[in-house]
Amino acid sequence: MAHILKIISKRSTFISVHKKGKIVHGKAFNIQFLEDQNLNNTIYVGFTATKKIGTAVKRNKAKRIMRELARKVIAKYGKINSYYVLIAKKSIFEIHFQSQEMELKELIS
């Protein structure tokens, strides 16, 4: 069942997920995860691509890839009342999209 995804917009939320949540490492991206019972049955998702990825064009492409992954995978398989922050790695451009989908399913379950 598809759940409603909302985007994390405040820096303070990113920081609290980083401090209180747990990190899962993958090949194309890392995921920071935090459950919070005060979210009213929604899933919040944030995306980060640092300058280590490359130029602004590459960072924007990495974010577009991660947004589409979130729409396809986290909306279906994500836990309700939780935050997910996807952090891009350089290898996100080298791995096929279908492989990234399978990897994300494994990392969030």
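Residues numbered from 1 in each chain as written. Predicted model: local features only at pLDDT ≥ 70, side-chain atom pairs only at ≥ 80, totals over all residues. Heavy atoms only, no water.

Peer 1: Please give an account of the overall build of the protein chain that cites residues and values.
Peer 2: Along its length, the protein chain carries three helices and five strands. Listing every helix and strand of the protein chain by position from the N terminus yields β-α-β-β-β-α-β-α. Taking 109 residues into account, the globule formula puts the C-alpha radius of gyration at 13 Å, and the protein chain, at 13 Å, falls close to it. For the protein chain, the C-alpha atoms occupy an extent of roughly 35 × 30 × 20 Å along the three principal directions. Across the 109 residues of the protein chain, 40% fall into the buried class. (Helix = DSSP H or I, 4+ residues; strand = E, 2+ residues; numbered from the N terminus. Rg over C-alpha atoms; globule rule 2.2 N^0.38 Å. Buried < 20%, exposed > 50% of the residue type's maximum accessible area, 1.4 Å probe, protein only.)

Peer 1: Quick one: what's the story with the nonpolar core, residue by residue and with numbers?
Peer 2: Ranked by internal contacts, the top residues of the largest apolar core, which has 23 residues, are F29, I31, I74, Y84, L86, I92 and L104. Elements with a contribution of two residues or more to this core: strand 3 (29–35), strand 4 (43–48), helix 2 (56–77), strand 5 (82–88) and helix 3 (97–108). Take this core: its biggest share by element is seven residues, from helix 2. Residues within four places of I31 in sequence aside, it is in contact with K22, I23, V24, Y84, V85, L86, L104, L107 and I108. Membership of the second largest hydrophobic core comes to six residues, among which are L34, L39, Y83 and V85. (Core = buried A, V, L, I, M, F, W, Y, C linked by side-chain atoms within 4.5 Å. Contact = heavy atoms within 4.5 Å.)

Peer 1: Please set out the packing of aromatic side chains residue by residue, giving values where relevant.
Peer 2: Across all of its chains, the model carries two aromatic pairs by this definition. Summarising the aromatic geometry, the rings of F33 and Y84 are spaced 5.1 Å apart at their centres and angled 45 degrees between planes, so their arrangement reads as tilted. Of the two residues, F33 sits in strand 3 while Y84 sits in strand 5, which places them 51 residues apart along the sequence. On the basis of relative accessibility, which here comes to 11%, the residue F33 falls in the buried class. Note on Y44 and Y83: the rings are 5.5 Å apart at their centroids and 40 degrees apart in plane angle, and the pair reads as tilted. Residue Y44 is located in strand 4, and its partner Y83 is located in strand 5; the two are separated by 39 residues in the primary sequence. (Phe/Tyr/Trp six-rings, centres within 6.5 Å; stacked < 30°, edge-to-face > 60°.)

Peer 1: Hey, could you go over the sheet that holds strand 1 (residues 5–7) for me, with residue numbers and the actual values?
Peer 2: Sheet strands associate in pairs through backbone hydrogen bonding, adopting either a parallel or an antiparallel arrangement. Reading across from one edge, 1-4-5-3-2 is the order of the five strands in this open sheet, with mixed pairing throughout. For this open sheet the edge positions go to strand 1 and strand 2 (22–25), each flanked by a neighbour on one side alone. Geometrically, the sheet is characterised by an average inter-axis angle of 25 degrees between neighbouring strands, direction not taken into account. Sheet contacts for helix 2: strand 1, strand 3, strand 4 and strand 5; angle to strand 4, the most-contacted strand, approximately 160 degrees. Across the sheet, helix 3 lies against strand 2, strand 3 and strand 5, angled at about 35 degrees from strand 3, the strand it touches most. (Pairing = 2+ DSSP bridges. Axes fitted to C-alpha atoms, helices over the stretch in contact; angles between N-to-C directions.)

Peer 1: Talk me through the packing of helix 2 against helix 3; I want residue IDs and the actual numbers.
Peer 2: It is the contact of helix 2 with helix 3, at a shortest axis distance of 10 Å, that shows an interaxial angle of 45 degrees. The angle between helix 2 and helix 3 places the two elements in the oblique class. Our pair here, helix 2 against helix 3, has a crossing hand that is right-handed. Across the interface between the two elements, I65, E68, L69, K72, V73, I74 and Y77 of helix 2 pack against F97, Q100, E101, L104, K105 and I108 of helix 3. Class assignment of the residues belonging to the contact of helix 2 with helix 3 gives a composition of eight nonpolar, one polar and four charged. (Parallel < 35°, antiparallel > 145°, perpendicular 65-115°, else oblique. Left-handed = near helix turned anticlockwise from the far one by under 90°. Nonpolar A, V, L, I, M, F, W, Y, C, P; charged D, E, K, R; others polar.)

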